[in-house]
Amino acid sequence: MKYRNLGTTNEKLSAIGLGCMGMSFAYGPSDEKESIATLERALDLGVNFWDTADMYGNGANEELIAKVLVPNRDKVFIATKFGFRFKDGKAGPSGTANTYFDGSPTWIKIAVENSLRRLRVDTIDLYYAHRIDPNIPVEDTVGAMAELVKEGKVRYLGLSEASPESIIKANAVHPIAALQSEYSLLTRDVEKEILQTVRHLGISLVPYSPLARGLFSNALDLHSLAADDFRRTLPRNQGEHAVNNAQLVSEFALLAKDKRCSPIQLALAWVLAQGDDIIPIPGTKKRKYLEENVGAIELQLSNTDLAAIDAILQKYPNIGARYSEGAMALVNN
């Protein structure tokens, strides 16, 4: 395993982390036995950066992780998030009418206690605001988060899907260690201004969905997914966008074959190549995919490789939006 620094701290995080959402939420049925085996395999591989959130399964994901986290606390840098709440108390995909966002200081105090209890730890290593609440000044949200640091309940603070303006305002209240945003070959919004902003401030970028939610496996079959799988509803998997993306990943897979790696590994290697301050957290709930993901760390891309990837992307531009309109309203605020 190779390790990268978290922001300006000296925390050494595995160059590829583990997104745990799918173990309990949004990606079809759960398999606790295989999920726990995947978490244990992550420890074997040196993957010490695990990511969850209180909304994943309405707390179920944090409780699941705790079963492996607690006996291995010194081996894991645990990150969780707060803010999304369910109107009827039942978990549903983010961005649906069932969810709303609450970044209030009042809710933060409640949310952190809930996460600490479910994770069964005394301190959360990295605590993110899951989005920026458009109804509350980001300074107020981060001010309340900073109090948690003073109380010893949280070590470092993070933001997710924040605009450059919000990042700057937040960092002026308390140092921000990480920005978690979607970033992949198909989602490159952060390259416009956000990446420049976090680099100027010494903040790590933590890309989620670096494989475009499984598209780059070149094996995503929507018809085989569970009826409640989140990916069925995404614009990229509909109509002309689905046709475009199938052609894109098929050609991308041929390039990966030439490189003697899987398309998943090539896609992750591209993200890793964008800078040592970038720590992707591909999600999986199976050991075989975790092992495949970790293999990307050894893959070196030349300028020729990068140019060939860009050529494929330019050939198939009709990729579609990454979220529904409702979910996009909470992105980059």
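An unreviewed UniProt entry lists the protein chain under the name Aldo/keto reductase, from Sphingobacterium thalpophilum.

**Student:** Describe in detail the sheet that holds strand 4 (residues 49-51), supporting the description with residues and values.
**Tutor:** Sheet architecture is open: seven strands sit in the order 3-4-5-8-9-10-11, paired in parallel fashion. Two strands in the sheet have a free side with no partner beyond their single neighbour: strand 3 (18-19) and strand 11 (204-208). As paired strands, strand 3 and strand 4 are joined by two bridges and run parallel to one another. Counterpart to Gly19 in the pairing with strand 4 is Asp51.

**Student:** Give me the packing of helix 2 (residues 60-69) against helix 3 (residues 105-119): which residues, what numbers.
**Tutor:** The geometry of a pair of packed helices is captured by two quantities: the angle between their axes and the separation between those axes. As a packed pair, helix 2 and helix 3 sit with axes 7 Å apart at the nearest point and diverge in direction by 45°. The orientation of helix 2 with respect to helix 3, classified from their angle, is oblique. Residues Glu62, Glu63, Ile65, Ala66 and Leu69 of helix 2 pack against Ser115, Arg118 and Leu119 of helix 3. A class-by-class count of the residues in the contact of helix 2 with helix 3 yields four nonpolar, one polar and three charged.

**Student:** So what's going on with the packing of aromatic side chains? Which residues, and what values?
**Tutor:** Counted by the stated rule, this structure contains seven aromatic pairs. Ring geometry for Phe77 versus Tyr156: centroids 6.2 Å apart, planes at 25°, classification stacked. Of this pair, Phe77 sits in strand 5 (residues 77-82) while Tyr156 sits in strand 9 (residues 154-160), placing them 79 residues apart in sequence. Here Phe216 and Phe252 contribute two aromatic rings whose centre-to-centre distance is 5.0 Å and whose plane-to-plane angle is 70°, an arrangement assigned as edge-to-face. One end of the pair, Phe216, is in the loop between strand 11 and helix 7 (239-258); the other, Phe252, is in helix 7, with 36 residues separating them in the sequence. In this structure, Phe216 and Phe252 share a single accessibility class: buried. Through a chain of ring-to-ring contacts, the aromatic side chains of Phe49, Phe77 and Tyr156 assemble into a single cluster. Here Arg85 stacks its cationic end above the ring of Trp107, 3.6 Å away from the centre of that ring.

**Student:** Describe in detail the pattern of salt bridges, supporting the description with residues and values.
**Tutor:** In the structure shown here, the tally under the stated rule is 24 salt bridges. Ionic pairing is found between Lys153 and Glu151, a salt bridge with its closest N-O pair at 3.3 Å. The partner of Asp305 in a salt bridge is Lys259, with the nearest N and O atoms 2.9 Å apart. Residue Asp305 is found in helix 10 (residues 303-315), and its partner Lys259 is found in the loop between helix 7 and helix 8 (263-272); the two are separated by 46 residues along the sequence. A relative accessible area of 12% places Asp305 in the buried class.

Reading the values: rules and limits
- Residues numbered from 1 in each chain as written.
- Predicted model: local features only at pLDDT ≥ 70, side-chain atom pairs only at ≥ 80, totals over all residues.
- Heavy atoms only, no water.
- Pairing = 2+ DSSP bridges.
- Helix = DSSP H or I, 4+ residues; strand = E, 2+ residues; numbered from the N terminus.
- Axes fitted to C-alpha atoms, helices over the stretch in contact; angles between N-to-C directions.
- Parallel < 35°, antiparallel > 145°, perpendicular 65-115°, else oblique.
- Contact = heavy atoms within 4.5 Å.
- Nonpolar A, V, L, I, M, F, W, Y, C, P; charged D, E, K, R; others polar.
- Phe/Tyr/Trp six-rings, centres within 6.5 Å; stacked < 30°, edge-to-face > 60°.
- Buried < 20%, exposed > 50% of the residue type's maximum accessible area, 1.4 Å probe, protein only.
- Lys NZ or Arg CZ within 6 Å of the ring centre and 35° of its normal.
- Salt bridge = Lys/Arg side-chain N within 4 Å of Asp/Glu carboxyl O.

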